[in-house]
Amino acid sequence: MKKVFSVCPYCGVGCGIELQVQNGKVIKVLPQKDHPINKGRLCIKGLTLEKFINSPERLKHPLIRKDEQLKKISWDKAINKIAKEFTRIRDTYGKNSIGFFASTKCTNEENYLIQKFARVVIGTNNIDSASRLCHAPTISGLYEILGRSAMTNSYEDLAQADCIIIFGDNPAITQPIGFEKMLECKKHGGKIVTIDVRKTETADKTDNFIQINPNTDIVFVAGLAKTIIEEKLEDKNFIKNRTRGYKEFLKSLEKFDFEKISRIAGVKKEKIKEVALLYAKAEKSAIVFGMGITQCQNGMENVLALADLALLTGNFGREGTGVNPLRGCNNVQGACDVGCLPNVYPGYSSLTEENIKKFGRIWEVKDLPIAKGLTETEIIEAIPERILGLYVIGQNPLLSLPNLNRVEKNFENLEFLVVQDIFLTETAKLANIVLPAACFTEKTGTFTSSERRVQLIRRAANASGEALEDWQIIKLLAEKMEFKDQFDFNSAEEIFKEMKKVIPQYSAITYKKLGKQGIQWPCDKKHPQGKKILFDKDFGPPGTKAIFYPISWVGPETLNHVYPFTLISHRVLEHYNTGTMTRKVDLLNRSKPEALVEISKEDAESLKIKNGEKVKILSPFGEVVIKSKISNRVKKGIIAVPNHYTETRVNKLTGSTLDPVSKIPAFKYCRVIIEKI
Ligand SMILES: Nc1nc2c(c(=O)[nH]1)N[C@H]1C(S)=C(S)[C@@H](COP(=O)(O)OP(=O)(O)OC[C@H]3O[C@@H](n4cnc5c(=O)[nH]c(N)nc54)[C@H](O)[C@@H]3O)O[C@H]1N2
Ligand SMILES: Nc1nc2c(c(=O)[nH]1)N[C@H]1C(S)=C(S)[C@@H](COP(=O)(O)OP(=O)(O)OC[C@H]3O[C@@H](n4cnc5c(=O)[nH]c(N)nc54)[C@H](O)[C@@H]3O)O[C@H]1N2
Ligand code: SF4
Ligand SMILES: [Mo]
């Protein structure tokens with residue numbers, strides 16, 4: 001038996017694992033004992049990984065749609081067909097008529113090659129990933145005021161915090177091993193506060209829980225900031241030396257008074273004061289946040305308000321402080337770092353003439369696209385007027401995007417759809433060509449975890465059937481479309497060597513240096529061993545200050561009496577995103593076989609709904625039928641549904657409202673009716 005070190009491919013914690021391999025097959029997955037984060041621990045998803053890897057449902061051959069059925073074809077024919085169709089669409093309708101969905105599941109090297117393919121071979125910036133559905137407001141927001149958009153601190157040092165406030169995140173379920181690190185702060189008397197609409201499993205384990213009204217976090221934060229200033233607990237030195245824009249920020253708080261704040265957020269003034277004092281008086285205070293903050297119509301404003309709070313109290317650049325977005329997918333941070341975004345090139349290089357010329361030189365190509373491309377949400381809206389071809393890699397938009405009835409209709413209007421996945425997903429079932437990809441144990445490359453830790457995964461097992469590594473597929477296609485020289489790579493490491501030249505944060509990383517534990521970026525000349533905590537001295541190049549952002553709040557769409565309930569979607573421990581992987585694992589499926597809608601006792605009584613009874617939920621966009629669960633986790637007027645199940649596609653209900661800047665869908669605020677059947 002062979003042992004190979006790797007990284008769990010589910011959530012952004014990036015737990016180190018040990019694959020036990022026999023005859024080219026992974027037979028068991030164990031935690032790495034000496035890994036800096038998980039130290040011998042894994043959650044139930046990590047412990048059952050071999051079940052999805054070895055699932056008989058893995059894709060084994062390329063497939064082509066013929067007579068409304070998907071039929072097996074050779075790699076040669078599949079690649080020829082895609083090259084022919086992409087060339088036809090590009091030459092007929094223009095370079096921007098093709099869109100690319102890159103994958104937060106693929107390696108950095110693969111994602112780097114995907115964006116390079118879009119930009120070099122097709123000539124478009126229409127490249128995006130599931131990051132759009134997740135932390136897009138974090139990328140735009142934190143970049144705007146701090147100059148970097150990633151977790152400022154590390155899991156390890158959160159254990160040193162004296163106070164952690166968790167906003168709209170349920171890490172007990174969504175980052176279980178990362179949450180264990182946070183809980184460690186209690187050992188030295190640290191306190192944790194949870195701010196959520198639903199009384200979460202995280203709230204069960206933390207010291208203080210504030211059950212806030214949906215989409216009102218900004219107002220609550222304004223209350224915290226006002227209290228901190230009233231109590232003279234702001235960090236005057238930090239504000240003076242390291243920030244700009246404080247006056248405008250103070251002015252913006254004038255619009256909020258405590259009566260208004262309490263009424264809108266549904267939190268009493270005393271509670272606001274309690275949290276404010278806890279946060280501001282502690283020596284080291286950290287903010288952690290997730291989808292309850294980002295997946296909102298004002299997602300970016302939410303993120304900016306949280307950063308303001310940390311600036312106000314000088315909670316940056318030290319252990320146990322900072323603003324910490326928990327990046328959800330294993331490689332969503334990496335997919336963004338390497339340039340799978342429509343408005344920047346690798347390393348967050350902006351779309352300037354100078355940058356484009358630089359990339360043109362490195363990639364040996366003329367005419368790279370300079371105009372901003374479309375986001376995933378915009379690509380869907382642009383079918384079929386502007387977008388006619390789509391290449392979806394390692395994503396399942398037919399379950400994960402909002403307003404699914406409309407998405408499905410638009411997908412049917414595409415002239416050509418390619419899906420590259422490890423399973424025949426709901427999206428793959430609509431494709432013209434399906435390509436089988438090797439999964440994480442069948443390839444080499446790097447993932448970047450939520451705390452910016454770049455880690456190596458190593459090929460350990462034989463690929464499923466004829467499946468190829470994602471980068472090999474992109475290479476074949478680029479060669480066929482006459483860009484052989486630009487894609488002349490023979491290993492993931494060769495791709496990495498090119499990639500690090502254009503990503504300053506990765507410039508001093510080598511595969512050798514990564515070893516078993518990885519390195520946290522920035523890893524460059526100045527920080528050859530990486531960096532655990534950002535912003536200890538400056539916010540960017542020497543002398544750069546952070547910018548306070550004035551707080552403003554526009555409530556979600558006016559409460560409509562026709563749709564009296566607010567539906568929020570959330571995650572369960574056993575299942576992951578659209579369930580393609582976890583629902584192949586018996587143990588996980590048996591434990592959480594179906595979606596249940598949580599409804600308060602009060603609402604259930606007034607609607608005469610019994611526990612376990614099926615109900616119908618309707619929104620302006622669609623309807624679903626689902627079993628009910630009477631629960632004290634939600635307040636009157638709120639219902640909560642998990643988003644993993646294909647049988648109950650909750651995104652049939654969610655609408656197309658987007659945050660105007662970051663274009664994230666407002667998944668967490670959906671007005672609905674519930675009916676007894
Ligand atoms: N088990 C499991 N783990 C996962 C995933 C998974 O599918 N399953 N997915 C991974 C991915 S991709 C991601 S992005 C992360 C997401 O991780 P989380 O951010 O923890 O995910 P959610 O459960 O979707 O949402 C978090 C919380 O937001 C709350 N919320 C809703 N509206 C509001 C609001 O207006 N204000 C506040 N304060 N809270 C609100 C919800 O009640 C919920 O508890 O998890 C990652 N980890
Ligand atoms: N209502 C509602 N909707 C949501 C959310 C919510 O909270 N509420 N959350 C949103 C968020 S945060 C996210 S991140 C999205 C997630 O949405 P998606 O990214 O669409 O969901 P996943 O199920 O993670 O899809 C990953 C796909 O990659 C495939 N895969 C795994 N490994 C590989 C590989 O090595 N190569 C290739 N080619 N494929 C691979 C898997 O089989 C799977 O089909 O959902 C969003 N949708
Ligand atoms: S916490 Fe996340 S990375 Fe760790 S084992 Fe669980 S799913 Fe995998
Ligand atoms: Mo996500």
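Conventions adopted
Residues numbered from 1 in each chain as written. Chains lettered and ligands numbered in written order. Predicted model: local features only at pLDDT ≥ 70, side-chain atom pairs only at ≥ 80, totals over all residues. Heavy atoms only, no water. Domains from an automatic or database assignment. Buried area = accessible area lost by both parts, 1.4 Å probe. Salt bridge = Lys/Arg side-chain N within 4 Å of Asp/Glu carboxyl O. Polar contact = N/O pair within 3.5 Å; in protein donor to acceptor, adjacent residues only side chain to side chain. Nonpolar A, V, L, I, M, F, W, Y, C, P; charged D, E, K, R; others polar. Buried < 20%, exposed > 50% of the residue type's maximum accessible area, 1.4 Å probe, protein only. Helix = DSSP H or I, 4+ residues; strand = E, 2+ residues; numbered from the N terminus. Contact = heavy atoms within 4.5 Å. Near = heavy atom within 4 Å. Pairing = 2+ DSSP bridges. Axes fitted to C-alpha atoms, helices over the stretch in contact; angles between N-to-C directions.

Parsing the protein into structural domains produces domain 1 (2-53), domain 2 (63-133 + 331-439 + 465-491), domain 3 (136-325) and domain 4 (565-676). The straight-line distance from the C-alpha centre of domain 1 to that of domain 3 is 33 Å. Interface area, domain 1 with domain 3, both sides summed: about 820 Å², of which 62% is carbon and sulfur. Together, Val13, Ile37 and Arg41 form the three largest contributors to the area buried by domain 1 at its contact with domain 3, with a combined 50%. Between the two partners, domain 1 and domain 3, sit one salt bridge. Note that Arg41 is salt-bridged to Glu180, the shortest N-O span being 2.4 Å. Applying the counting rule to domain 1 against domain 3 returns one residue pair in polar contact (both at pLDDT 80 or more). Classifying every residue of the side of domain 1 that touches domain 3 gives seven nonpolar, two polar and three charged.

Our next topic: helix 23 (residues 492-502). A turn of α-helix holds 3.6 residues, and therefore any two residues three or four places apart point the same way. For helix 23, the set of buried residues is Ala492, Ile495, Phe496, Glu498, Met499, Lys500 and Val502. Where the residues of helix 23 are buried, they touch helix 4 (108-122), helix 18 (353-363), strand 19 (445-448), helix 22 (470-480) and helix 24 (511-514).

This brings us to the side chain of Gln211. Along the chain, the position of Gln211 falls in strand 10 (residues 208-211). By relative accessible area, Gln211 is classed as buried at 19%. A polar side-chain atom of Gln211 sits 3.3 Å from the main-chain carbonyl oxygen of Arg633.

Cys8, Tyr10, Cys11, Gly14, Cys15, Leu42, Cys43, Lys45, Gly46, Pro176 and Ile177 make up every residue found near ligand 3. Elements that contribute at least two residues to the shell around ligand 3 include exactly helix 1 (44-47) and helix 8 (176-183). Along the lines of polarity and charge, the residues of the shell around ligand 3 split into eight nonpolar, two polar and one charged.

Okay, the sheet that holds strand 10 next. The strand order across the open sheet built from five strands is 10-9-8-12-13, with neighbouring strands paired in parallel fashion. Looking along the sheet, the strands with just one partner apiece sit at the ends: strand 10 and strand 13 (323-325). Between one strand axis and the next, the sheet turns by 15 degrees as a mean value, whatever way the strands run. Pairing of strand 12 (residues 285-289) with strand 13 involves three bridges; the strand directions are parallel. Residue Phe289 lies in a different strand from strand 13, and its bridge partner there is Pro325. Contacting strand 8 (163-167), strand 9 (191-196) and strand 12, helix 8 crosses the sheet at an angle of about 145 degrees to strand 8. In this fold helix 14 (residues 269-281) packs onto strand 8, strand 9, strand 10 and strand 12, with an angle of close to 135 degrees to the strand it touches most, strand 10.

What follows is about the pattern of salt bridges. Side-chain pairing between opposite charges can occur once the charged atoms of the two side chains come close. In total, this model carries 37 salt bridges according to the counting rule given. A salt bridge links Glu231 to Lys273; its shortest N-O distance comes to 3.3 Å. Remark: Lys273 occurs in helix 14 and Glu231 occurs in the loop between helix 10 (217-230) and helix 11 (236-242); sequence separation between them is 42 residues. When the shortest N-O distance is used, the salt bridge between Glu381 and Arg406 registers 2.9 Å. In this pair, Glu381 is assigned in helix 19 (residues 376-381) and Arg406 in helix 21 (residues 404-412), connecting sequence segments 25 residues apart. Residue Glu381 is classed as partly exposed on the basis of its relative accessible area, which comes to 36%. The structure contains a network of salt bridges with shared partners spanning Lys81, Glu85, Arg88 and Glu415.

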